[in-house]
Amino acid sequence: MLVEALVTAAVGSLVYWWVFLRNKRKVLTSEDGWWGAGQPPPGDEAEDASIRPFTVSCSQEELEDLYRRIDATRPSPSLEDSRFQYGFNSQCLSRVVSYWRRDFDWKRQVDRINQYPHYKTNIEGIDVHYVHVKPRDVPVGARTVPVLLVHGWPGSFYEFYGMLPLLVAPGNQLHLEVICPSLPGYGFSEAPHKKGFDGVCAARVFHKLMQRLGFQKFYAHGGDWGSMVTTIMSQLQPDVVKGLHINFVVSMQLNVAMVTSLLLGRRFPALFGFSELQVQQVFPALENMLAVPIRESGYMHIQATKPDTVGRGLNDSPVGLAAYILEKFSTWTDKSFKNLEDGGLTKKFSMDDLLTNVMIYWTSGSIVSSMRFYKENFRVINAPHVRIPVYVPTAVASFPNELLPTTQLWVRQKYKNLRSFTVMPRGGHFAAMEEPQLMADDLLAFISSVEEKN
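The structure presented is a predicted model; accordingly, all values stated were derived computationally and were not measured.

*Asks:* Sorry if this is basic, but what is going on with unusual backbone geometry here?
*Replies:* With the exception of glycine, the majority of residues adopt a negative phi angle, and the majority of peptide bonds are in the trans configuration. Put simply, Trp 153 and Pro 154 share a cis peptide bond, and its omega is 0°. In this structure, Pro 154 sits in the loop between strand E4 (145-150) and helix H5 (164-167). Of note, the amide linkage connecting Phe 283 to Pro 284 takes the cis form, showing an omega dihedral of 0°. As for its placement among the helices and strands, Pro 284 is situated in the loop between helix H9 (276-282) and helix H10 (285-295).

*Asks:* Please explain the nonpolar core as it appears in this structure.
*Replies:* Where a protein is soluble and globular, its nonpolar side chains tend to be buried together. Counting 115 residues, the largest nonpolar core has Trp 153 and Phe 206 as the members making the most contacts within it. Val 249, Val 411, Tyr 415 and Phe 421 belong to the second-largest nonpolar core, a separate cluster that totals 10 residues.

*Asks:* What is the right way to read a nonpolar patch on the surface from this model?
*Replies:* Taken together, the side chains of Leu 254, Val 259, Leu 263, Leu 264, Phe 268 and Leu 271 make up a nonpolar region of the molecular surface, amounting to roughly 610 Å² of accessible area. Relative to the helices and strands, Leu 263 is located in helix H8 (residues 256-264).

*Asks:* Looking at this structure, how should I read helix H15 (residues 351-364)?
*Replies:* Along an α-helix, residues three or four apart share an orientation, since each turn contains 3.6 residues. Between its first and last C-alpha, H15 extends 20 Å over 14 residues, near the 20 Å set by a 1.5 Å rise per residue. Along H15, the residues classified as buried are Met 351, Asp 352, Leu 354, Leu 355, Thr 356, Asn 357, Val 358, Met 359, Ile 360, Tyr 361 and Trp 362. Note on H15: the residue one or two positions beyond its end, Gly 365, has a positive phi of about 60°.

*Asks:* How should I be thinking about the pairing of strand E9 (residues 418-423) in this particular structure?
*Replies:* Across a regular strand the side chains alternate sides, sitting on one face of the sheet and then on the other. Relative to E9, strand E8 (residues 394-398) runs parallel, the two being bridged by five bridges. Looking at E9, one finds that Thr 394 is bridged to Leu 418. For the handedness criterion, the β-α-β arrangement of E8, helix H18 (residues 408-414) and E9 is classed as right-handed.

*Asks:* Where do I start with the sheet that holds strand E1 (residues 51-54) in this structure?
*Replies:* Hydrogen bonds between backbone atoms are what pair the strands of a sheet, whose relative direction is either parallel or antiparallel. Overall, mixed pairing links the nine strands, which are arranged E1-E2-E3-E5-E4-E6-E7-E8-E9 in an open sheet. Sheet topology places E1 and E9 at the edges, where each strand pairs with a single neighbour. On average, adjacent strands in this sheet sit at an angle of 25° to one another, irrespective of strand direction. This element, helix H6 (residues 199-212), spans E1, strand E2 (118-123), strand E3 (126-133), E4, strand E5 (176-181), strand E6 (218-222) and strand E7 (241-246) of the sheet and lies at about 115° to E2.

*Asks:* So what exactly am I meant to see when it comes to empty space enclosed by the protein here?
*Replies:* Rolling a probe over the atoms, with the probe sized like a water molecule, indicates the empty space that remains. On inspection of all chains with the given rule, the structure shows two cavities of 30 Å³ or more. Roughly 110 Å³ of volume is contained in the largest cavity. Taken together, 18 residues line the largest cavity, and the ones lying closest to its centre are Glu 159, Gly 223, Asp 224, His 429 and Phe 430. Looking at the lining of the largest cavity residue by residue, the classes come out as eight nonpolar, eight polar and two charged. A volume near 50 Å³ is recorded for the second largest cavity. For the second largest cavity, the full set of lining residues is Leu 277, Gln 278, Gln 281, Ser 398, Phe 399, Pro 400, Thr 406 and Val 423. Residue contributions to the lining of the second largest cavity peak at three residues, all from H9. Residue composition of the lining of the second largest cavity, by class: four nonpolar, four polar and no charged.

*Asks:* Sorry, what's going on with the layout of surface pockets here?
*Replies:* In this structure, the second largest pocket spans a volume of roughly 310 Å³. Here the lining of the second largest pocket is built from residues that sort into eight nonpolar, five polar and one charged.

*Asks:* When you look at the packing of aromatic side chains in this model, what are you seeing that I'm missing?
*Replies:* Any two aromatic rings considered together are summarised by their centre-to-centre distance and by the angle between their planes. One pass over the full model with this rule turns up 26 aromatic pairs. Between Phe 329 and Phe 430, the ring centres sit 3.8 Å apart and the planes meet at 10°, which makes this aromatic pair stacked. Of the two residues, Phe 329 sits in helix H13 (residues 318-331) while Phe 430 sits in the loop between E9 and helix H19 (431-434), which places them 101 residues apart along the sequence. Each member of the pair, Phe 329 as well as Phe 430, carries the same accessibility label: buried. Measuring from ring centre to ring centre gives 5.9 Å for Trp 332 and Phe 430, while their planes differ by 15°; the resulting arrangement is stacked.

*Asks:* When you look at the environment of Val 145 in this model, what are you seeing that I'm missing?
*Replies:* With respect to the element layout, Val 145 can be found in strand E4. Setting aside chain neighbours within four positions, we find Val 145 in contact with Leu 174, His 175, Leu 176, Glu 177, Tyr 219, Ile 447 and Glu 451.

*Asks:* Help me understand the pairing of E8, please; the structure alone is not making it clear to me.
*Replies:* Most of E8 sits out of view: five of its five residues are buried. Here E8 shows a buried face lined by Thr 394, Val 396 and Ser 398 and a second buried face lined by Ala 395 and Ala 397. Sheet analysis places E7 next to E8, joined by three bridges and oriented parallel. In the sheet register, His 245 faces E8, and the bridge partner there is Ala 395.

Definitions and limits used
- Residues numbered from 1 in each chain as written.
- Predicted model: local features only at pLDDT ≥ 70, side-chain atom pairs only at ≥ 80, totals over all residues.
- Heavy atoms only, no water.
- Helix = DSSP H or I, 4+ residues; strand = E, 2+ residues; numbered from the N terminus.
- Core = buried A, V, L, I, M, F, W, Y, C linked by side-chain atoms within 4.5 Å.
- Buried < 20%, exposed > 50% of the residue type's maximum accessible area, 1.4 Å probe, protein only.
- Patch = residues over 30% accessible without salt bridge, like charges linked within 9 Å, V, L, I, M, F, W, Y side chains within 5 Å.
- Areas by Shrake-Rupley, 256 points an atom, 1.4 Å probe, with all protein chains shown as cover.
- Salt bridge = Lys/Arg side-chain N within 4 Å of Asp/Glu carboxyl O.
- Expected span 1.5 Å × (residues − 1).
- Pairing = 2+ DSSP bridges.
- Right-handed = clockwise from strand over helix to strand, strands pointing away.
- Axes fitted to C-alpha atoms, helices over the stretch in contact; angles between N-to-C directions.
- Contact = heavy atoms within 4.5 Å.
- 1 Å grid on protein atoms, 1.4 Å probe; cavity = no way out; pocket = protein on both sides within 12 Å on 5 of 7 lines; lining within 4 Å.
- Points joined across faces, edges and corners; volume = space filled by probe spheres on them.
- Nonpolar A, V, L, I, M, F, W, Y, C, P; charged D, E, K, R; others polar.
- Phe/Tyr/Trp six-rings, centres within 6.5 Å; stacked < 30°, edge-to-face > 60°.

Honestly, it's all geometry; don't read function into it.
Written as C-alpha cells, this is what we have:
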C-alpha cells in the first residue's frame, strides 16, 4: 500500500506539473531603486514627477574648448596598407578631424536636434531625457498609438532622427506618438550615481516614464542595448507592452534545438528552416559564430571589466572619442569595410550625422557612464531575464550585416509569440540610422497587424 501510495502521489505530482505549472508564464520581477547622489529622500517625501522642457544648447566656450583640444591632438601613424584592420586608420582620422574642425557646423546640427520637443523628468533619483514627437493632423476622434524607441551603444536618440518623420507622417494609417529616451548615463540622461544600474533597472525606469506620460499600453522597439531593454520591459509587464519590435536578438541560451541546428544545419538547412543566405551567414559556425565575434568584441571585455580607465582618456580627447565611436560605425555596418582605406564611413552615413552622434557624447560627457552599462549587465551572466521567455507579440527585423546572424528557429526559443521575421535586403547594426525607411516600414507593418487583431 505504501508503494502504491507513493507511486500515485508521484504520478499525480507529475500530472499537476505538466498541466498547470509547465505552461505557467513566468513574469520578471524588479524592485524600485534609487540612483541619485547621496541618500534617497525620506519615504514620506513624494518623488518630483514634474516634466520639464529641455533644449540642447551650444555655447561658443564649448566650441572653443573642443577646437583647442582638436588642435592639440598628437597623431600616430597607422601601419602601411593596414586600412581599418587594426582599428581606425590614422590617415582617415586626419581627414575626419579636419572636416570636424573646419566644416562641421555643430550649431546647425543642434537646431536639427531641437526640431522635435525634448523633455526631462526625474525617475528613481536621476533625470531622464527623452524626445516626444506627436503625429500631425490627427482626425477628430482618432486615437494615437504610443511607441517607445530605445537606442544602444555607441549610438544615441539621434539614431532615430531619420525614422521619426516617417513614423509620424500625416498620411500614415496609424497615428503614432513616439517617445525616444536616452538611456540613463547616455547623452542627456543623467548617469546613475551608484553601482548596479543594469538593463532591468533601465527597463523599469522606462516603464515609469511611459506611465508618467499617461500611456497604459504601448509598443516598444529597440536595437543593440535597446533590444535587451525593451525585451526586459516585455518580461516585466507583458500586459502593458502591446508589441515588441527588435533588430538585434540577444540573451538567447543554447539549447538542444540551437546546438542541433549548428551541428546539422549546413547539411540539412530545410530541416531547421535555414535559408541559403542564413547558411552563408552562420557557417562555418566556429568562424562566424565564435571567431568573428571574438575578434570584434575586445571593446566589450574592456567595458565589462574596467570601463573607467579607458573612458577617462576618451572623455578628455575628442579625437580619441571620435576614433573609438566611429570605428564601430564602420565595422558594425559592414565587416568588409575594414578592408577600405576610409572604412566605408560615408557609404551609408553622412559625416554630419556621424559627428553629431559623437558630439552628443562629447558635450554631455557621457562616454564613461555609457561604457559602465556593460559592466553592470555582465555582473551576472545567467540573470533571470536571460532564462525567462517573452510572450508578447514580437517582430524581428533581420538585417544581413548584423554583428551576429540569427534565424527564426533560434528566435523562437525565447520569443514565443513571434509574429514576423523580416529578412531585410541590406543594412547592418545601426539599421535605424542606416536604413530608416526599411525599419520604419517594418515597424509600421507590425504595429498595424497587431492592432488589427486587437
